Amino acid sequence: DFSKAMSQAGTSQFQEVIRQELEYSMKVELDKILATAHSNELEHTKKDLEGFKKLFHRFLQEKGPSVDWGKIQRPPEDSIQPYEKIKARGLPDNIASVLNKLVVVKLNGGLGTSMGCKGPKSLIGVRNENTFLDLTVQQIEHLNKSYNTDVPLVLMNSFNTDDDTKKILQKYSHSRVKIYTFNQSRYPRINKETLLPIAKDVSYSGENTECWYPPGHGDIYASFYNSGLLDNLIGEGKEYIFVSNIDNLGATVDLYILNHLMNPPNGKRCEFVMEVTNKTRADVKGGTLTQYENKLRLVEIAQVPRAHVDEFKSVSKFKIFNTNNLWIALSAIKRLQEKNAIDMEIIVNPKTLDGGLNVIQLETAVGAAIKSFENSLGINVPRSRFLPVKTTSDLLLVMSNLYSLNAGSLTMSEKREFPTVPLVKLGSSFTKVQDYLRRFESIPDMLELDHLTVSGDVTFGKNVSLKGTVIIIANHGDRIDIPAGAVLENKIVSGNLRILDH
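The structure displayed is predicted, hence computed values, not measured ones. Along each chain, the written sequence defines residue order, and numbers are assigned to residues from 1. Totals for whole chains, interfaces and linings use all residues, but because this is a predicted model, local features are given only for residues with pLDDT of at least 70 and pairs of side-chain atoms are given and counted only at 80 or more. Based on all heavy atoms of the structure, the side-chain values leave hydrogens and waters out of the count.

### So, the side chain of K279
Next, step 1: The way it works is that DSSP assigns letters per residue, a run of H or I at least four long becomes a helix, a run of E at least two long becomes a strand, and they are numbered from the N terminus. The residue K279 is located in the loop between β11 (272-278) and β12 (288-292) in this model.
Next, step 2: Owing to a relative accessible area of 7%, K279 belongs among the buried residues under this scheme.
Next, step 3: Residues adjacent in sequence count toward polar contacts only when both atoms are side-chain atoms; beyond that, a polar contact is any pair of N or O atoms within 3.5 Å, and within protein one must be able to donate a hydrogen and the other to accept it. A distance of 3.1 Å separates the side chain of K279 from the backbone oxygen of F312, its partner in a polar contact.
Next, step 4: When neighbours within four sequence positions are excluded, K279 is seen to be in contact with V284, G286, F312, K313, S314, V315, F318, K319, I320 and F321. The cut-offs for exposure are 20% and 50% of the maximum accessible area for each residue type, with area from a 1.4 Å probe on protein chains only; residues under the lower value are buried, those over the upper are exposed, and the others partly exposed. Any pair of residues with heavy atoms lying within 4.5 Å of one another is described as a contacting pair.

This is the structure:
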């Protein structure tokens, strides 16, 4: 036992030496990069690299998945409240004064590359020529006009989206919404083998674009604080932010949740509220809220030990997942940021660059900070508050007659008999937005659709109606044109346009 203990001590000493050497090498490389910065970019580059150094230090300290599966418990009953209970409290007469304490923050760091678009994802047209950003501005403008309030919009951009977004913001200069932006940090990608940065200088254009990345939306706390905007908004009397992904069209300002935050029934305010919703089979990979060491904690699939992944995906054990609609107290962000006390698990995201080089990027997720805040709460909201558009299959749903658009908000049509969304799977011929748009002369009537699968070279004529389960499969080399005015109900359409009953 003694010799075993000695060898273990030797191993951990050896690992410690290696860790120190890696940290030292990283510091040397980052100093070299910083030395290439111009005086006008020195300050924020220094902050970015300091933040990265802290993340890298933690990355070297941590081993394997960061949760001990044995400690995971179901959250206590009252820690996740049903939305109906919160809505049943109604609204006070002075809802305008409550709204004036709110800031809407949209996470706007992503590009539209997964849908074949260049530039910020928020500038993709989703409904009647309106982009994600247009709809967001319309929603808040409607709120400000209806209640005579001053709710501002804050966009967290990344270095990938900042220039294009700022150009487009000029078109809203006369709208009744103050719009602010701040930038996420810019961190260096590191070589998977050497664990050193692949960047040699601070530039991020030309051949250097692949050297840098925005480190996930968990970076919001530090970059919001560092930008000075957090302090300015607190100075203006703002108390809460409502944070959501800009591509989640269901994430509108909810007055009942806001009232619950500002006027809590037990007198004790929550610093952090996470909207969760019930899992369906499509959401098995979504992060879930658990009780862990007496705190609410978000557990993501990447943190789950391999042996327990199937259990994590079980819809019966973990019934809810995080929508990434979050309500957070500004004063709490400031307090925790100043104490350096926001603890988020590191997500190691491996990438292969165009030239074949394997790199890793270290990221964090905004919801993971829930355990650092006091008096956190989950609210189980209706599925309608989670309407993300990640693919053209999602885009087809929101462009269709399943939804009506009113003041920037999409609501499920009353003509649909049941409130669930149909399952839509469009094949690879539809992945890019421009290809997708070319394949539909008009968006089909989908009010009575349950399930649609389309694969291969398929086009749709005008005024097609889809009902029940519809499966359309064009074999390789074949093409299927669904004629204008066709009604497909429980049909399988295959290869050479044989139409079979499903």
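### Regarding the sheet that holds strand β8 (residues 190-191)
Next, step 1: When DSSP locates at least two bridges between a pair of strands, those strands are taken to pair. Across the sheet, which stays open at both edges, the three strands sit in the order β8-β16-β15 with antiparallel pairing between neighbours. Pairing within the sheet leaves two strands with one partner each, and these edge strands are β8 and β15 (347-352).
Next, step 2: For β8 and strand β16 (residues 358-363), the ladder comprises two bridges, and the chain directions are antiparallel. Counted as the bridge partner of I190 is I360 from β16.
Next, step 3: For helices, the fitted axis covers only the stretch in contact; all axes are lines through C-alpha atoms, and the angles between them, taken along N-to-C directions, range from 0 to 180 degrees. Where helix α2 (residues 39-61) meets the sheet, it contacts β8, β15 and β16, and its direction lies at approximately 105° from that of β16.

### Re the UniProt feature "binding site: substrate" (unreviewed entry) in the protein
Next, step 1: UniProt positions are given in the numbering used here, feature names are shortened, and annotations may be inferred rather than shown by experiment. The UniProt entry lists H217 under the feature "binding site: substrate" (unreviewed entry), expressed in the numbering used here.
Next, step 2: Along the chain, the position of H217 falls in the loop between β9 (212-213) and α7 (220-226).
Next, step 3: The exposure class of H217 is partly exposed, given its relative accessible area of 26%.
Next, step 4: The contacts of H217, once residues within four sequence positions are left out, are L107, M156, Q184, N245, N324, T364, A365 and V366.

### Considering α2
Next, step 1: The end-to-end C-alpha distance of α2 is 33 Å, a good match for the 33 Å that 23 residues give at a rise of 1.5 Å each.
Next, step 2: Of all the bends in α2, the greatest measures close to 25° and is centred on T45.
Next, step 3: Burial in α2 covers these residues: E41, T45, D48, L49, F52, L55, F56, F59 and L60. To estimate how far a helix should reach, multiply one less than its number of residues by 1.5 Å. Two axes are fitted around each residue, one to the seven residues ending there and one to the seven starting there, and the angle between them is reported as the bend at that residue.

### Some details on the environment of T323
Next, step 1: Relative to the elements of secondary structure, T323 occurs in strand β14 (residues 320-329).
Next, step 2: Taking the C-alpha atoms as reference points, T323 and G250, separated by 73 residues in sequence, lie 9.8 Å from one another.
Next, step 3: With sequence-adjacent residues up to four places away left out, T323 is seen in contact with N248, E275, V276, T277 and F386.
Next, step 4: At 3.1 Å, the side chain of T323 forms a polar contact with the backbone nitrogen of N325.

### Concerning the UniProt feature "binding site: UTP" (unreviewed entry) in the protein
Next, step 1: Under the local residue numbering, the UniProt record ascribes the feature "binding site: UTP" (unreviewed entry) to K121, Q184, G216, D247 and K390.
Next, step 2: Inspection of the secondary structure assignment puts Q184 in the loop between β6 (179-183) and β7 (187-188).
Next, step 3: Residue class for Q184 comes out buried when judged on its relative accessible area of 10%.
Next, step 4: Those residues in contact with Q184, other than ones at most four positions away along the chain, are G109, M156, N157, S158, P214, P215, G216, H217, D219 and S223.
Next, step 5: Along the chain, K390 falls in the loop between β17 (376-380) and α12 (392-399).

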